[in-house]
Amino acid sequence: ILFSGLVGTPQGSSQFGRLRTPFPMSVNHFYLVLLSGLAASGLLPVSGLRVETSGEVEAVNGTDVWLKCTFQSSSPITPATLTVSWSFRPIGPGREESVFYYHERPYPPPDGRFHKRAIWAGDIMGRDATIVVRKVKFTYNGTFSCQVKNPPDVHGNAGEVKLTVVTTASFSEMIMLAAAIGGAIVLMVIFLVIIMSIRRCREKRRVEEGAEELPRRQRKDPTVW
């Protein structure tokens, strides 16, 4: 940190005055820098932070896709210092760019290809750093990286999600969709059969009760001539 100078102190006080910095630093940011420095120097024990993602994801052009990212840390979750960084690396030529940043609250990208496209869908206390990318394009083909830091756990792997944007759903997805629709139809048929069976049982019972009641009404009183 660069200091702009020293402020003099009255006679008899400390030799050095109060330090002034050329830029303000919030308490949370100072705490984050302090913990990171201590961890890097070895004064604090550091455990590897493990990040897990969905690996490979396929999405149809123009649809929304969930980029799943969860993490495990041996240190307690501290929202004031925990950070999540999502970045994107295209398949073809092009530089790596920021997709999303989280520190106490979501920070969507102010510009770029993911402006108004990346949405926070995670839960820090639930160890979830998932985001949603809306209306994917073919230019989104590439690798998304999820980096989580939870001081003093600042060293760990970055989870990666390889996104493939296609024109139509793949054959496997179509099979899954057909299976889901078929399963829903079967459940509806079973439900209707159960309802019809219950109604028939009730009607049959009413007919039987009516048949038993009719002879009773037709009987005559033996004392009456």
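Everything here concerns the structure above.
Let us look at the structure shown here. Predicted, not measured: the structure shown is a model, and the values here were computed from it. (Residues numbered from 1 in each chain as written. Predicted model: local features only at pLDDT ≥ 70, side-chain atom pairs only at ≥ 80, totals over all residues. Heavy atoms only, no water.)

Read from one edge to the other, the open sheet built from six strands follows the order β4-β13-β12-β7-β8-β9, with strand pairing classed as mixed. The open sheet is flanked by β4 (55-60) and β9 (106-107), the only strands paired with a single partner. Pairing of β4 with strand β13 (residues 159-166) involves six bridges; the strand directions are parallel. Each bridged residue has a counterpart across the sheet, and for Glu-56 the counterpart in β13 is Lys-162. (Pairing = 2+ DSSP bridges. Helix = DSSP H or I, 4+ residues; strand = E, 2+ residues; numbered from the N terminus.)

Turning our attention to the sheet that holds strand β5 (residues 65-67). Across the sheet, which stays open at both edges, the three strands sit in the order β5-β11-β10 with antiparallel pairing between neighbours. Whereas interior strands pair on both sides, the edge strands pair on one side only; in this sheet they are β5 and β10 (118-120). Direction aside, the axes of adjacent strands within the sheet are offset by 30° on average. The sheet contact formed by β5 and strand β11 (residues 131-133) spans three bridges and is antiparallel. For Leu-67, the partnering residue across the bridge sits in β11 and is Ile-131. (Axes fitted to C-alpha atoms, helices over the stretch in contact; angles between N-to-C directions.)

One pass over the structure, following the stated rule, counts four salt bridges. The residue Lys-68 makes a salt bridge to Asp-128 at a minimum N-O spacing of 3.3 Å. With Lys-68 in the loop between β5 and β6 (69-72) and Asp-128 in the loop between β10 and β11, this residue pair connects regions lying 60 residues apart in the sequence. A residue is classified by how much of its surface remains accessible, and Asp-128, at 14% relative accessible area, is buried. A salt bridge links Glu-97 to Arg-113, with the shortest nitrogen-to-oxygen separation between them at 2.7 Å. (Salt bridge = Lys/Arg side-chain N within 4 Å of Asp/Glu carboxyl O. Buried < 20%, exposed > 50% of the residue type's maximum accessible area, 1.4 Å probe, protein only.)

The amide bond that connects Pro-151 to the next residue, Pro-152, takes the cis arrangement and shows omega of 10°. Secondary-structure assignment places Pro-152 in the loop between β12 (142-149) and β13. Here Glu-104, not a glycine, exhibits a phi torsion of approximately 70°, which is positive. By secondary structure assignment, the location of Glu-104 is in the loop between β8 (97-102) and β9. The partly exposed category is assigned to Glu-104, whose relative accessible area is 44%. Backbone geometry at Lys-135 places phi at a positive 50°, although glycine is not the residue there. With respect to the helices and strands, the residue Lys-135 is situated in the loop between β11 and β12. With a relative accessible area of 44%, Lys-135 lands in the partly exposed category.

Defined simply, a disulfide is a covalent bond joining two cysteines at their sulfur atoms. According to the stated counting rule, one finds one disulfide in the structure shown. In this model, Cys-69 is linked to Cys-146 through a disulfide, with the two sulfur atoms separated by 2.1 Å. Its S-S torsion of approximately -80° makes the covalent link between Cys-69 and Cys-146 left-handed. Of this pair, Cys-69 sits in strand β6 while Cys-146 sits in strand β12, placing them 77 residues apart in sequence. Note on accessibility: Cys-69 and Cys-146 belong to one class, buried. (Disulfide = S-S within 2.5 Å.)

Our focus in this paragraph is the nonpolar core. Counting residues in hydrophobic clusters, the biggest one holds 31 residues, and the most contacted among them are Val-84, Trp-86, Val-99, Phe-144, Val-148 and Leu-163. With residues near it in sequence (within four places) discarded, Phe-144 still touches Leu-67, Trp-86, Ser-87, Phe-88, Val-99, Phe-114, Gly-159, Glu-160, Val-161 and Leu-163. (Core = buried A, V, L, I, M, F, W, Y, C linked by side-chain atoms within 4.5 Å. Contact = heavy atoms within 4.5 Å.)

Relative to the assigned elements, Arg-117 resides in the loop between β9 and β10. It is Asp-64 that comes nearest to the buried, bridge-free Arg-117 among opposite-charge side chains, at 7.6 Å. A distance of 3.5 Å separates a polar atom in the side chain of Arg-117 from a polar atom in the side chain of Tyr-140. Look past the residues within four positions of Arg-117 in its chain and what remains in contact with it is Val-132, Val-133, Arg-134, Lys-135, Lys-137 and Tyr-140. (Lys, Arg positive; Asp, Glu negative; His and termini not counted. Polar contact = N/O pair within 3.5 Å; in protein donor to acceptor, adjacent residues only side chain to side chain.)

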